[in-house]
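The primary structure of each chain is shown beneath.
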Amino acid sequence: MRLCLTDNVLRSFRVAKVFRENSDKINCFDFSPNGETVISSSDDDSIVLPKRTLYSKKYGVDLIRYTHAANTVVYSSNKIDDTIRYLSLHDNKYIRYFPGHTKRVVALSMSPVDDTFISGSLDKTIRLWDLRSPNCQGLMHLQGKPVCSFDPEGLIFAAGVNSEMVKLYDLRSFDKGPFATFKMQYDRTCEWTGLKFSNDGKLILISTNGGFIRLIDAFKGAVLHTFGGYNNSKAVTLEASFTPDSQFIMIGSEDGKIHVWNGESGMKVAVLDGKHTGPITCLQFNPKFMTFASACSNMAFWLPTIDD
């Protein structure tokens, strides 16, 4: 990222381009690791790439993730079964299936360093997989619905359980149980919908389907900030994200606006209006370039209008 992100640069972001390829909400999108392409999955069963669209009509498609191999993705199904599918985009053929979950998959995280990935399901398990084998490499039974994610080094992963606990596991010895457990104050009004590490590995961001998100210290588990003041009255799953420099936190809202906070001070630094027609369910900053994308059933790409 050549430009430095500041409060002023963030306030200057405007929608540069809007894609209207979908007839239903975009449930997930993912930038490629080099930041050059983006792929999305939608409730209309489509997988949209630059310049072409593929369909997964039979199984549906959600939680789409690029793998490290060029032109391949993994995604979860939202119809028929709960198998995870590994797809070659080049010829639109399945490379492998990963069966095992018995209820809907609600979390999918690709290791940043190798072919490992983890999945969390409403069947109250987290499964560890390797792209090269259809067999589950590890299984954790939990007390409730999990959300999970790898840390940026790919050495540990975090599991949010039952919307009240964060457990940290060492990938090499996860069968020994978590090496750290952080208990949070339980909030009956909402449930956790996502969990992400900052790129510097120091912070964990917990998304909820309520009107707030939480920023916690990844080493001590202390709540550093609780961010609110955005609209989410219908308990929609809204994706929250860090900027790549780990300095800012962003989330969309049901009224099509994007709220941005400074992670250190906890202050809200910007509210951006993307003129989205529905709730902004997906929001991610590009890992390499000074742009981010937000999505309802349309996808908007944003650029800064000042340099500093």
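Residue numbers restart at each chain and count upward from 1, following the sequence in its written direction. Whole-chain, interface and lining totals are the exception, using all residues; otherwise, since this is a predicted model, local features are given only for residues with pLDDT of at least 70 and side-chain atom pairs are given and counted only at 80 or more. Neither water nor hydrogens contribute to the side-chain values; these are computed over all heavy atoms in the structure.

**Concerning the overall build of the protein chain**
Then, in step 1: The helix count covers DSSP runs of H or I at least four residues long, the strand count covers runs of E at least two residues long, and both are numbered beginning at the N terminus. Broken down by element type, the protein chain carries 1 helix and 28 strands.
Then, in step 2: Atoms considered for the radius of gyration are the C-alpha atoms alone. The globule rule reads 2.2 Å times the number of residues to the power 0.38. For the protein chain, the C-alpha radius of gyration of 18 Å lies close to 19 Å, the compact-globule estimate for 308 residues.
Then, in step 3: Counting only C-alpha atoms and orienting by the principal axes, one finds that the protein chain spans roughly 50 × 45 × 35 Å.
Then, in step 4: Out of the 308 residues belonging to the protein chain, those deemed buried represent 58%.
Then, in step 5: Accessible surface is estimated by sampling points in the Shrake-Rupley manner with a 1.4 Å probe; for residues, cover comes only from the protein chains shown. Working note: accessible area of the protein chain is about 13,600 Å², and carbon and sulfur atoms make up 49% of it. Exposure categories follow from relative accessible area, calculated using a 1.4 Å probe and restricted to protein chains: below 20% of the type maximum is buried, above 50% is exposed, and the middle band is partly exposed.

**Overview of the pattern of salt bridges**
Then, in step 1: What counts as a salt bridge is simple: a side-chain nitrogen of Lys or Arg found within 4 Å of a carboxyl oxygen of Asp or Glu. For the structure on display, the rule yields 6 salt bridges.
Then, in step 2: Its salt-bridge partner being Asp130, residue Arg132 comes within 2.7 Å of it at the nearest N-O pair.
Then, in step 3: Since its relative accessible area comes to 59%, Arg132 is described here as exposed.

**Points about the packing of aromatic side chains**
Then, in step 1: Ring geometry is summarised as follows: Phe, Tyr and Trp rings, the Trp one being its six-membered ring, pair when their centres sit within 6.5 Å, and such pairs are stacked at plane angles under 30 degrees, edge-to-face over 60 and tilted between the two. Scanning the entire structure with this criterion turns up 15 aromatic pairs.
Then, in step 2: Both rings, one in Phe13 and one in Phe292, keep their centres 5.1 Å apart while their planes meet at 45°; by these two values the pair is tilted. In this pair, Phe13 is assigned in the loop between helix H1 (7-11) and strand S1 (14-19) and Phe292 in strand S27 (residues 292-295), connecting sequence segments 279 residues apart.
Then, in step 3: A residue is classified by how much of its surface remains accessible, and Phe292, at 0% relative accessible area, is buried.
Then, in step 4: Each ring, one from Phe157 and one from Tyr169, has its centre 5.1 Å from the other, and the planes form 15°; the classification is stacked. A residue pair is termed long-range when its members are at least 10 positions apart, and Phe157 in strand S15 (residues 156-161) and Tyr169 in strand S16 (residues 165-170) qualify at 12 residues.
Then, in step 5: Three or more aromatic residues joined by ring pairs form one cluster here, namely Phe13, Phe285, Phe292 and Trp302.

**Observations concerning the UniProt feature "repeat: WD" (unreviewed entry) in the protein chain**
Then, in step 1: Mapped onto the present numbering, the UniProt feature "repeat: WD" (unreviewed entry) falls at residues 98-133 and 230-271.
Then, in step 2: Here residues 98-133 runs as 0% helix and 56% strand, with 8 Å between its end C-alpha atoms.
Then, in step 3: Secondary structure across residues 230-271 divides into 0% helix and 43% strand, with the first and last C-alpha atoms of the span separated by 9 Å. UniProt positions are given in the numbering used here, feature names are shortened, and annotations may be inferred rather than shown by experiment.

**So, the nonpolar core**
Then, in step 1: In terms of nonpolar packing, the biggest core is built from 18 residues, with Leu5, Phe13, Ile258, Val260, Leu272 and Phe292 touching the most fellow members.
Then, in step 2: The set of elements that each furnish at least two residues to this core consists of H1, strand S23 (248-252), strand S24 (257-262), strand S25 (268-273), strand S26 (282-285) and strand S28 (299-303).
Then, in step 3: The element best represented in this core is S25, accounting for 3 residues.
Then, in step 4: Here a residue-residue contact requires only that any non-hydrogen atoms of the pair lie within 4.5 Å. Excluding residues that lie within four positions of it along the chain, Phe292 makes contacts with Phe13, Met250, Ile258, Leu272, Leu283, Gln284, Phe285, Asn286, Ala300, Phe301 and Trp302.
Then, in step 5: To qualify as a nonpolar core, a set must consist of buried Ala, Val, Leu, Ile, Met, Phe, Trp, Tyr and Cys residues joined through side-chain atoms within 4.5 Å. Ala180, Phe182, Met184 and Trp192 belong to the second-largest nonpolar core, a separate cluster that totals 15 residues.

**Some thoughts on the sheet that holds S1**
Then, in step 1: With antiparallel pairing, 4 strands are arranged side by side in an open sheet as S1-S28-S27-S26. The open sheet has two edge strands, S1 and S26, and neither has a second partner. Between one strand axis and the next, the sheet turns through 20° on average, direction left out of account.
Then, in step 2: Between any two strands, pairing holds if DSSP finds at least two bridges. Of the pairings in the sheet, the one linking S27 to S28 comprises 4 bridges and is antiparallel in character. By the bridge assignment, Phe292 is partnered in S28 with Trp302. As a rule, the C-alpha atoms of each element are fitted with a line to give its axis, helices using only the stretch in contact, and angles between N-to-C directions run from 0 to 180 degrees.

**Regarding the pairing of strand S10 (residues 105-110)**
Then, in step 1: Most of S10 sits inside the fold, with 6 of its 6 residues counted as buried.
Then, in step 2: As paired strands, S10 and strand S11 (residues 116-121) are joined by 5 bridges and run antiparallel to one another. Counterpart to Val105 in the pairing with S11 is Ser121.
Then, in step 3: Remark: 5 residues form the turn of the hairpin made by S10 and S11, two consecutive strands paired antiparallel.

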